[in-house]
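Structural features, examined
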Amino acid sequence: MKSKARWTRSWPLALVLAALALSACSDPNLPQNTFAPAGPVARKQADLFWPVFWVAVGVFLVVEGGIVWMAIRFRHRRDRDRFPAQIHGNSRLEVGWTILPAVVIAVIMVPTVSLIWDLARPAGAGALNVTAEGHQWWWGFRYTDEDMRTSYDQPIVTADVLVIPVGRDVSLSLESAGGLIGGGPEQADYAVIHSFWVPRLAGKQDVVPGRTNRLVLRADEPGTYWGQCAEFCGLQHAQMRFRVVALPQAEWERWVANQKRPAVTPTDPEARRGMDLFLNGVSGGGQCIACHAVGGTEAASPAGPNLTHFADPTHECFAGCIWETSDRAALEEWLRNPTQAKLGSKMPDYNLTEDEIDALVAYLYSLT
Ligand code: CUA
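Keep in mind the model is a prediction, meaning the values are calculated, not measured.

As for its position among the elements, Gln-236 is in the loop between β9 (223–229) and β10 (241–247). Looking at Gln-236, its side chain comes within polar contact range of the main-chain oxygen of Leu-343, at 2.7 Å.

Okay, structure coming up:
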């Protein structure tokens, strides 16, 4: 009776927990829904997942059903003080439950292994080559093809958002980029394992210091596909997000042409003042250009996010895509206190004055 009372008391709690868990699925957009594949790689993976899943459901029902049936059928009864018949060994049963799982696994193995080989094939000719760099805690993207070099002879580089053309294979080289931050030996700690994951476009791939992993993906439709670091990589692992923006051909070409141009030099006096602070240092002595690059200026460090086209409409989000780029208040707060806004962030707090923050924000928003 006592245990029944406990159960009666705990089921509302179980309901609340179940409702909370289900509420995670309530967003109608589900930007990271791996069951809504939007490209051939993710689709092949989903097409393999479902048959394997249903086979697993069948095995689960047979095994768990058998356990429950036996637990009820052979349970202890108060009025029965003898043991049921004790059986030792049944060759036919044992051979059966050895062969049957082996057959099930052999059947599942055929499409699994062939898909592993299929996905391991390098992208065909005509693929767009991009190196994705995992930093603590944001992603950088370097476009390594010859025809993706800028007018100032650097590769196109973006941060937080990978822009791709629709319907074309993108061959990603995945690197952990902590080593890019020069300096003391403690910097080597920044090179940690990440995992690159855009659920609607392709499965996860680890990003390991000192080696290059590869992943091919493709988007069938224009749109924004959300990504997420899928390997615990430190304090802000959960805030190491990114987006893939897939553009139709004409928009893609416009985007590439704009990316090849150096950053605009602002004419607005406030933004101009921000540029001076950015390039020459702020009142507290901090140097933005110690870590950031702005194409066409002397700012060229690859350690932090490249800001050349910070305000381009495709650059939807910043600082690991925690905030929308259009969110001016968030951008101000980020500059005001980066280590608090994103706990453990490598962006130092330069004790900027409100006046300096206004000027720097104006400069960043001028970088279209
Ligand atoms: Cu990078 Cu988790």
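So, on to the domain arrangement of the protein chain. When its domains are assigned, the protein chain resolves into domain 1 (30–120) and domain 2 (269–366). Relative placement of domain 1 and domain 2: their C-alpha centres are 53 Å apart.

With that settled, the discussion passes to the pairing of strand β5 (residues 170–176). Taking burial as the measure, the seven residues of β5 include six buried ones, the bulk of the element. In terms of strand pairing, strand β1 (residues 128–135) meets β5 through seven bridges, oriented parallel. By the bridge assignment, Gly-134 is partnered in β5 with Ser-176. Sheet analysis places β5 next to strand β8 (residues 213–217), joined by five bridges and oriented antiparallel. If you follow Val-170 over to β8, its bridge partner there is Leu-217.

The next point concerns the environment of Tyr-152. For Tyr-152, the location among the structural elements is in the loop between β2 (138–143) and β3 (156–159). Assessed through its relative accessible area of 26%, Tyr-152 is described here as partly exposed. Considered as a pair, Tyr-152 and Arg-261 are 109 residues apart in the sequence and their alpha carbons are 7.8 Å apart. When sequence neighbours within four positions are dropped, the list of residues in contact with Tyr-152 reads Gln-259, Lys-260, Arg-261, Pro-262, Gly-295, Gly-296 and Thr-308.

Attention now moves to the layout of surface pockets. Rolled over the atoms, a probe sized like a water molecule indicates the empty space that remains. The calculated volume of the largest pocket comes to roughly 700 Å³. Contributing to the lining of the largest pocket are 37 residues, with His-292, Pro-305, Trp-334, Met-347 and Pro-348 lying nearest its centre. Where the lining of the largest pocket is concerned, the elements lending two or more residues are α6 (328–336) and α8 (354–366). For the lining of the largest pocket, a count of residues per class yields 25 nonpolar, nine polar and three charged.

Strand order in the open sheet formed by five strands is β3-β2-β1-β5-β8, with mixed pairing between adjacent strands. Looking at strand neighbours, the two that pair on one side only are β3 and β8, the edges of this open sheet. Ignoring which end each strand starts from, the neighbouring axes of this sheet average 25 degrees apart. Where β2 meets β3, four bridges bridge the pair, whose relative direction is antiparallel. In the sheet register, Tyr-143 faces β3, and the bridge partner there is Ile-156.

Before going further, it helps to examine helix α3 (residues 91–120). Given a rise of 1.5 Å per residue, 30 residues ought to cover 44 Å, and the 43 Å separating the end C-alpha atoms of α3 matches this to within 8%. At Met-109, α3 shows its largest bend, some 30 degrees, and a proline, Pro-111, comes one to four positions later.

Where α6 contacts α8, the two axes come as close as 10 Å, and the packing angle between them is 125 degrees. Taken together, α6 and α8 sit at an angle that is classed as oblique. You can see that α6 and α8 cross each other, and the crossing is right-handed. For the pair α6 and α8, the contacting residues are Arg-328, Leu-331, Glu-332, Leu-335 and Arg-336 in the first and Glu-354, Ile-357, Asp-358, Leu-360, Val-361, Leu-364 and Tyr-365 in the second. Across the contact of α6 with α8, the residue classes break down as seven nonpolar, no polar and five charged.

Applying the stated criterion across every chain yields a total of one cavity of 30 Å³ or more. Computed from the structure, the largest cavity encloses a volume of approximately 110 Å³. Around the largest cavity, the lining comprises 14 residues; the ones closest to its centre are Thr-158, Ala-159, Gln-259, His-309 and His-315. Its residues assigned to classes, the lining of the largest cavity comprises seven nonpolar, six polar and one charged.

Right, let's talk about the pattern of salt bridges for a bit. A complete count under the given rule lists 14 salt bridges for this structure. Arg-149 is the partner of Asp-153 in a salt bridge, and the nearest nitrogen-oxygen pair spans 3.0 Å. Asp-355 is paired through a salt bridge with Arg-273; the nearest N and O atoms lie 3.1 Å apart. Note that Asp-355 is positioned in helix α8 and Arg-273 in helix α5 (residues 269–280), a separation of 82 residues in sequence. Here the salt bridges share partners, and the residues they tie into one network are Glu-332, Glu-333, Arg-336 and Glu-354.

Applying the stated criterion to the full structure yields one disulfide. The residue that forms a disulfide with Cys-317 is Cys-321, at a sulfur-sulfur distance of 2.0 Å. In this structure the cystine formed by Cys-317 and Cys-321 twists about its S-S bond by roughly 40 degrees; its chirality is therefore right-handed. The residues Cys-317 and Cys-321 share a single accessibility class, namely buried. Between Cys-288, a cysteine without a disulfide, and Cys-291, which holds the nearest cysteine sulfur, the sulfur-to-sulfur distance is 9.4 Å. A residue is classified by how much of its surface remains accessible, and Cys-288, at 12% relative accessible area, is buried.

The rules we used
- Residues numbered from 1 in each chain as written.
- Predicted model: local features only at pLDDT ≥ 70, side-chain atom pairs only at ≥ 80, totals over all residues.
- Heavy atoms only, no water.
- Helix = DSSP H or I, 4+ residues; strand = E, 2+ residues; numbered from the N terminus.
- Polar contact = N/O pair within 3.5 Å; in protein donor to acceptor, adjacent residues only side chain to side chain.
- Domains from an automatic or database assignment.
- Buried < 20%, exposed > 50% of the residue type's maximum accessible area, 1.4 Å probe, protein only.
- Pairing = 2+ DSSP bridges.
- Contact = heavy atoms within 4.5 Å.
- 1 Å grid on protein atoms, 1.4 Å probe; cavity = no way out; pocket = protein on both sides within 12 Å on 5 of 7 lines; lining within 4 Å.
- Points joined across faces, edges and corners; volume = space filled by probe spheres on them.
- Nonpolar A, V, L, I, M, F, W, Y, C, P; charged D, E, K, R; others polar.
- Axes fitted to C-alpha atoms, helices over the stretch in contact; angles between N-to-C directions.
- Expected span 1.5 Å × (residues − 1).
- Bend = angle between axes of the 7 residues up to and from the residue.
- Parallel < 35°, antiparallel > 145°, perpendicular 65-115°, else oblique.
- Left-handed = near helix turned anticlockwise from the far one by under 90°.
- Salt bridge = Lys/Arg side-chain N within 4 Å of Asp/Glu carboxyl O.
- Disulfide = S-S within 2.5 Å.

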